Amino acid sequence: MKPSGTTAGKAVRAGKAAQTVSPGGRQAARDQQVAELLRPGQSIALLQHLHILTREGQLNQDSRRKLKQVYHLYQFIETLLRELAQSRPVAGADVVPDLSVADHGAGKSYLGFILYDLFFKHLDSGQVYGIESRSDLVDKSRALAAQLGFTRMHFLDLTVAESAHSALLPPRIDLVSALHACDSATDDAIAFGLAKQARAFALVPCCQAEAARHLGSNKALMLSRTPLAELWRHPLHTRELGSQITNVLRCLYLEANGYQVTVTELVGWEHSMKNELILARYTGQKKHAAAQRIQEIGAQFGLKALVDTRFTWRAENS
Ligand SMILES: C[S@@+](CC[C@H](N)C(=O)[O-])C[C@H]1O[C@@H](n2cnc3c(N)ncnc32)[C@H](O)[C@@H]1O
């Protein structure tokens, strides 16, 4: 039988047809990608400056993955901001209260810019602060914000820890975000938010070496004491368990400080390994059981020193 009459033959022909799409068809497919990407009122100039779109207005394929993460996070943050706006009504039906966001470990400020462009640009009020320790990135973000007329964006050349005490920030911040802020910068962002009485957090933690270092330094002792230490005997497991425990402690810490916490995926795992999204809304109900659990985990895993340095705020302030 001739292959051309078989299903396989048809598939081969279909495959070839797909490979030989006309230049016009390819252009149409690219235009479709860009159309799917754009939101109403979105600044093309911004997307070009962020290298998400090329000068010719085509989608930069290398930026797609980052953009997907940022868009997903933006959607969660937008929901939180709308909730915050409703919970603090101001005079006038359409007036949105002056909301503030601090984005920690901002990097090139993809998130801050997309947030401003899609949400704050259309309002008369609201401030976005980008905190970043690399001054070159801060300078570039300042220049871009000035160029685009994003006057309520502020970029501060500070570490996350320094920013909690900086006079350049207001005493209160509504929402704290941190997208892949390195290692313990997420913990500093939580401490910042607690100090600023943040009403919500959106955190996507990055590499987390601190807990792994503590687990590693106590390994021999813990192996002699408890079979649980098998969970982190191998270095790879030390790192993975360190990440897992760190995020569990962060969630408990937020609960102990009066936040309702949700943990979810940011995007599909195929897009990023650093994919855990911690969302927290302030309810004021401080969970004593969560504070207790932090202490118990510290004792069970030999992490008392970490718990005593990172997760003590509630004990001192409640
Ligand atoms: C992996 S990048 C993420 C950047 C950005 N949030 C994003 O997702 O595109 C982490 C950024 O956090 C910054 N960073 C790390 N630790 C920091 C700290 N303690 N304080 C301020 N910035 C920090 C780094 O300089 C880097 O720009």
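Just so you know, these numbers come straight off a predicted model, no measurement behind them.

**Q** Sorry, what's going on with the overall build of the protein here?
**A** Looking only at helices and strands, the protein features 14 helices and seven strands. By the burial criterion, 36% of the 318 residues in the protein qualify as buried. Long-range pairs, those at least 24 residues apart, make up 69% of the contacts in the protein between residues at least 6 apart in sequence.

**Q** Explain unusual backbone geometry here, please?
**A** With the exception of glycine, most residues fall at negative phi, and the peptide bonds are largely trans. Positive phi values are uncommon outside glycine, yet His 51 reaches one of about 60°. Inspection of the secondary structure assignment puts His 51 in the loop between helix H3 (44-49) and helix H4 (64-87). Since 14 C-beta atoms lie within 10 Å of it, His 51 is described here as partly exposed. Unlike most non-glycine residues, Gln 197 shows phi in positive territory, near 55°. Locating Gln 197 in the fold gives a position in the loop between helix H8 (185-195) and strand E5 (200-204). Looking at Gln 197, the number of C-beta atoms within 10 Å reads 11, which means it is exposed.

**Q** Please explain the site of the ligand as it appears in this structure.
**A** Around the ligand sit 19 residues, and of these Gly 105, Gly 107, Ser 133, Thr 159 and Leu 179 come closest. Where the shell around the ligand is concerned, the elements lending two or more residues are helix H5 (110-118), strand E2 (127-132) and H8. Here the shell around the ligand is composed, by residue class, of 11 nonpolar, five polar and three charged.

**Q** What's the story with the pairing of E5 in this structure? I'm lost.
**A** Along any regular strand the residues' side chains alternate between the sheet's two faces. Here E5 lies mainly inside the structure; five of its five residues are buried. Side chains Ala 200, Ala 202 and Val 204 project from E5 onto one buried face, and the interleaved Phe 201 and Leu 203 project onto a second face that is buried too. By the bridge criterion, five bridges tie strand E4 (residues 175-179) to E5 in an arrangement that is parallel. Across the sheet, the residue bridging to Ser 177 is Ala 202, located in E5. Taken together, E4, H8 and E5 form a β-α-β motif whose crossover is right-handed. Examined bridge by bridge, E5 and strand E7 (residues 276-282) share four bridges and lie antiparallel to one another. When the bridges of E7 are listed, Ala 200 appears paired with Arg 281.

**Q** Just checking my understanding: could you explain the environment of Thr 54 for this structure?
**A** Among the secondary structure elements, Thr 54 is positioned in the loop between H3 and H4. Between the C-alpha atom of Thr 54 and that of Ile 44, which follows or precedes it by 10 residues, the distance is 10.0 Å.

**Q** Where do I start with the confidence of the model for the protein in this structure?
**A** Detailed reading of predicted coordinates is not advised where the pLDDT is low. Confidence along the protein averages 87 in pLDDT terms, with 87% of residues attaining 70 or more. Within the model, the stretch residues 1-15 combines pLDDT values under 50 with four contacts to residues more than four positions away or in other chains.

**Q** I tried to follow helix H9 (residues 210-217) on my own but got confused; where do I start?
**A** Each turn of an α-helix holds 3.6 residues, which means side chains three or four residues apart point in the same direction. By the burial criterion, the buried members of H9 are Ala 211, Ala 212, His 214 and Leu 215. Down the axis of H9, the buried set is contained in an arc of 160°. They therefore lie on one face. Where H9 is buried, its residues contact helix H10 (219-225), helix H11 (235-256) and helix H13 (304-310).

**Q** What's the story with the packing of H4 against H5 in this structure? I'm lost.
**A** Helix-helix packing is characterised by the crossing angle of the two axes and by the distance between the axes. Viewed as axis vectors pointing N to C, H4 and H5 meet at an angle of 55°, and their least axial separation amounts to 10 Å. With respect to H5, the element H4 is oriented oblique. Regarding H4 and H5, the two cross each other, and that crossing is right-handed. Residues Lys 66, Val 70, Leu 73, Tyr 74 and Ile 77 of H4 form the contact with H5, whose own contacting residues are Tyr 110, Leu 111, Ile 114, Leu 115 and Leu 118. Of the residues assigned to the contact of H4 with H5, the class counts are nine nonpolar, no polar and one charged.

**Q** Please explain the sheet that holds E5 as it appears in this structure.
**A** Hydrogen bonding along the main chain pairs the strands of a sheet, whether they run parallel or antiparallel. Taken in spatial order, the seven strands line up as E3-E2-E1-E4-E5-E7-E6 in an open sheet, and their pairing is mixed. Each edge of the sheet is formed by a strand with only one pairing partner; in this case those strands are strand E3 (153-157) and strand E6 (259-265). For this sheet, the mean angle separating the axes of adjacent strands, direction not counted, is 15°. Its contacts with the sheet place H4 against E4, E5 and E7, and it is angled at close to 170° to E5. Packing against the sheet, H8 makes contact with strand E1 (100-104), E4 and E5, and its axis sits at approximately 175° to E4.

**Q** Help me understand the packing of H11 against helix H12 (residues 288-300), please; the structure alone is not making it clear to me.
**A** Here H11 crosses H12 at 150°, and the two axes come no closer than 8 Å. As summarised for this structure, H11 and H12 are arranged roughly antiparallel, according to the angle between their axes. The two elements H11 and H12 cross, and the hand of that crossing is left-handed. When H11 is examined against H12, the residues Ile 245, Leu 249, Leu 252, Tyr 253, Glu 255 and Ala 256 are found in contact with a partner set consisting of Ala 290, Ala 291, Arg 293, Ile 294 and Ile 297. By residue class, the composition of the contact of H11 with H12 is nine nonpolar, no polar and two charged.

About the cut-offs
- Residues numbered from 1 in each chain as written.
- Predicted model: local features only at pLDDT ≥ 70, side-chain atom pairs only at ≥ 80, totals over all residues.
- Helix = DSSP H or I, 4+ residues; strand = E, 2+ residues; numbered from the N terminus.
- Buried ≥ 20, exposed ≤ 12 C-beta atoms within 10 Å, placed from the backbone.
- Contact = placed C-beta atoms within 7 Å.
- Near = placed C-beta within 6 Å.
- Nonpolar A, V, L, I, M, F, W, Y, C, P; charged D, E, K, R; others polar.
- Pairing = 2+ DSSP bridges.
- Right-handed = clockwise from strand over helix to strand, strands pointing away.
- pLDDT = per-residue confidence, 0-100.
- Arc of directions from axis to C-beta.
- Axes fitted to C-alpha atoms, helices over the stretch in contact; angles between N-to-C directions.
- Parallel < 35°, antiparallel > 145°, perpendicular 65-115°, else oblique.
- Left-handed = near helix turned anticlockwise from the far one by under 90°.

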